[in-house]
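# Survey of secondary and tertiary structure
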Amino acid sequence: MKIRNQRDFGAGIMYMVIGLFFTIVARQYPMGTAAKMGPGYFPFYLGILMTLLGLLVLVKSLGAKATIESIPKFNWKIMAQITGAVVLYGLLLPKMGFLVAVVVLVFVAASASKEFTWKGTAINAAFLVTFTYSVFVVGLKLQFPLLPFFLQQ
């Protein structure tokens, strides 16, 4: 068999490895039943589903109808920039607050894209701030600093 679509083949392997990892680790926790789920129930079945999805993607990458596509060269700069954005978010959140940390996260991560625009990123940042505030602060009642330390009472 010949691998026609290397991207899908790699993605299939990755899904299968992650799915098998969660399936194996989840077996160490009580499973429970469908009516009364234990802590291992959801990750176990999610791991199985992810493994099967990976197998499907992998098999399709070998098919005659698969588009011929190779894996591009790994871009360490983009990977470092996105990882750095997440680290920066974690460092900024306690002192600068949620609002500043989310906006910085979105702008730094988005600037790694070739399709980066200031307007589009600002709209994404505004939406993400509104959505995450609604979910975590209003909905889940989580408490963390919203504004920078010098603006708090």
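The shown structure was predicted, so the numbers you read here are calculated from the model rather than taken from an experiment.

Cut-offs used in this document
Residues numbered from 1 in each chain as written. Predicted model: local features only at pLDDT ≥ 70, side-chain atom pairs only at ≥ 80, totals over all residues. Heavy atoms only, no water. Core = buried A, V, L, I, M, F, W, Y, C linked by side-chain atoms within 4.5 Å. Buried < 20%, exposed > 50% of the residue type's maximum accessible area, 1.4 Å probe, protein only. Helix = DSSP H or I, 4+ residues; strand = E, 2+ residues; numbered from the N terminus. Contact = heavy atoms within 4.5 Å. Axes fitted to C-alpha atoms, helices over the stretch in contact; angles between N-to-C directions. Parallel < 35°, antiparallel > 145°, perpendicular 65-115°, else oblique. Left-handed = near helix turned anticlockwise from the far one by under 90°. Nonpolar A, V, L, I, M, F, W, Y, C, P; charged D, E, K, R; others polar. Phe/Tyr/Trp six-rings, centres within 6.5 Å; stacked < 30°, edge-to-face > 60°.

### Examining the nonpolar core
Of all hydrophobic cores here, the largest spans 8 residues; its members are Leu-92, Leu-93, Phe-98, Ala-101, Val-102, Val-106, Ala-125 and Val-129. Residue assignment for this core shows that the elements contributing at least two residues are helix 3 (76–110) and helix 4 (118–139). With 6 residues, the single largest contributor to this core is helix 3. Other than its neighbours up to four places away in sequence, Leu-93 contacts Phe-98, Ala-101, Phe-144 and Pro-145.

### A look at the packing of helix 1 (residues 6–26) against helix 2 (residues 41–62)
Where helix 1 meets helix 2, the axes come as close as 7 Å, and the angle between the chain directions of the two elements is 160 degrees. Comparing their axes, helix 2 and helix 1 come out roughly antiparallel. For the pair helix 1 and helix 2, the sense of crossing is left-handed. For the pair formed by helix 1 and helix 2, the contact residues are Asp-8, Phe-9, Gly-12, Ile-13, Tyr-15, Met-16, Ile-18, Gly-19, Leu-20, Phe-22, Thr-23 and Ala-26 on the first element and Pro-43, Phe-44, Gly-47, Ile-48, Met-50, Thr-51, Gly-54, Leu-55, Val-57, Leu-58, Ser-61 and Leu-62 on the second. Classifying every residue of the contact of helix 1 with helix 2 by side-chain character gives 16 nonpolar, 7 polar and 1 charged.

### Section: the packing of aromatic side chains
For the structure shown, the criterion picks out 9 aromatic pairs. Judged by centre distance (5.5 Å) and plane angle (85 degrees), the ring pair of Phe-21 and Phe-22 falls under edge-to-face. Consider the rings of Phe-74 and Trp-76, whose centres lie 4.6 Å apart with planes at 70 degrees: the pair is edge-to-face. The exposure class assigned to Phe-74 is partly exposed, which follows from its relative accessible area of 46%.

### Comments concerning the environment of Leu-128
In this structure, Leu-128 sits in helix 4. Looking at Leu-128, the relative accessible area reads 28%, which means it is partly exposed. Distance from Leu-128 to Val-106, taken between C-alpha atoms, is 8.4 Å for residues 22 residues apart in sequence.

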